[in-house]
Amino acid sequence: MIKEIIVVEGRDDIQAVKNAVDAEVIATGGYGFDKEFLNRLKIISEKRGVIILTDPDFAGDKIRRDISKNLKNCKHAFLPRGKALKKGDIGVENANAEDILEALKKARPVVTEKREEFTKADLLEYGLVGMEDSRKRREFLGKVLGIGYANSKQFLNRLNNYGVKREEFLAGIERMDREDG
């Protein structure tokens, strides 16, 4: 598994990267991302590192520059335009798995064992799934931990893949319970 989080532009890009490598991938949703997204990326970059893989076009370059300006030590993966082109459309989602893998290798990612410190049982035990207010609890805890809101499956992935420590998690749960009750 690639240790760094790979930042792409959209959902189709996420799928294309996941078809090529075992990695955690997040999307900016275009270049209109907000300050909260950047703050989350800063936390991620400190814990795991970030590799930026955007489309080889003007918008992709702008996103890359904006993120790089706000994050220290991010790595960059580049796809040549010809490898990301399909029927006149340029994008990471158009590249084949081998070309994506080659672009990521050139960014020199750190390869690590897949981490599974947290389980579905943890989500159940702490009311992060299966309760009426689970969504609200994940939203609060995601903000405290700097991993953002996600559905239960994605939240579990983030807990394991963003380097959250058990002590941080428990402190966040304690704070959530204290502030909520």
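So, a few notes on the structure that sits alongside this text. (Residues numbered from 1 in each chain as written. Predicted model: local features only at pLDDT ≥ 70, side-chain atom pairs only at ≥ 80, totals over all residues. Heavy atoms only, no water.)

1. As for the pattern of salt bridges
- Taken as a whole and assessed by the stated rule, the structure comprises twelve salt bridges.
- Between K47 and E168 there is a salt bridge; the shortest N-O distance is 2.8 Å. Here the residue K47 occupies a position in helix α2 (residues 35–47), and E168 occupies one in helix α8 (residues 166–180), the gap between them amounting to 121 residues.
- Given a relative accessible area of 28%, E168 falls into the partly exposed group.
- D177 serves as the salt-bridge partner of R137, at 3.1 Å between the closest nitrogen and oxygen. One end of the pair, R137, is in helix α6 (residues 134–145); the other, D177, is in helix α8, and 40 residues separate them in sequence.
- You can call R137 buried: its relative accessible area is 11%. (Salt bridge = Lys/Arg side-chain N within 4 Å of Asp/Glu carboxyl O. Helix = DSSP H or I, 4+ residues; strand = E, 2+ residues; numbered from the N terminus. Buried < 20%, exposed > 50% of the residue type's maximum accessible area, 1.4 Å probe, protein only.)

2. As for the nonpolar core
- Judged by nonpolar contacts, the single largest core of 30 residues is most densely connected at L41, I67, L128, L159 and F169.
- Listed by contribution, the elements that provide at least two residues to this core are β1 (5–8), α2, β3 (50–52), α3 (58–70), α6, α7 (152–161) and α8.
- Sort the elements by how many residues they give to this core and α2 lands first, with four residues.
- The residues contacting F169, other than those within four sequence positions of it, are F118, Y126, L128, L141, L145, L159 and V164.
- Judged by nonpolar contacts, the second largest core, of 21 residues, contains I6, A23, V25 and A77. (Core = buried A, V, L, I, M, F, W, Y, C linked by side-chain atoms within 4.5 Å. Contact = heavy atoms within 4.5 Å.)

Purely spatial values, then, with no claim about function.
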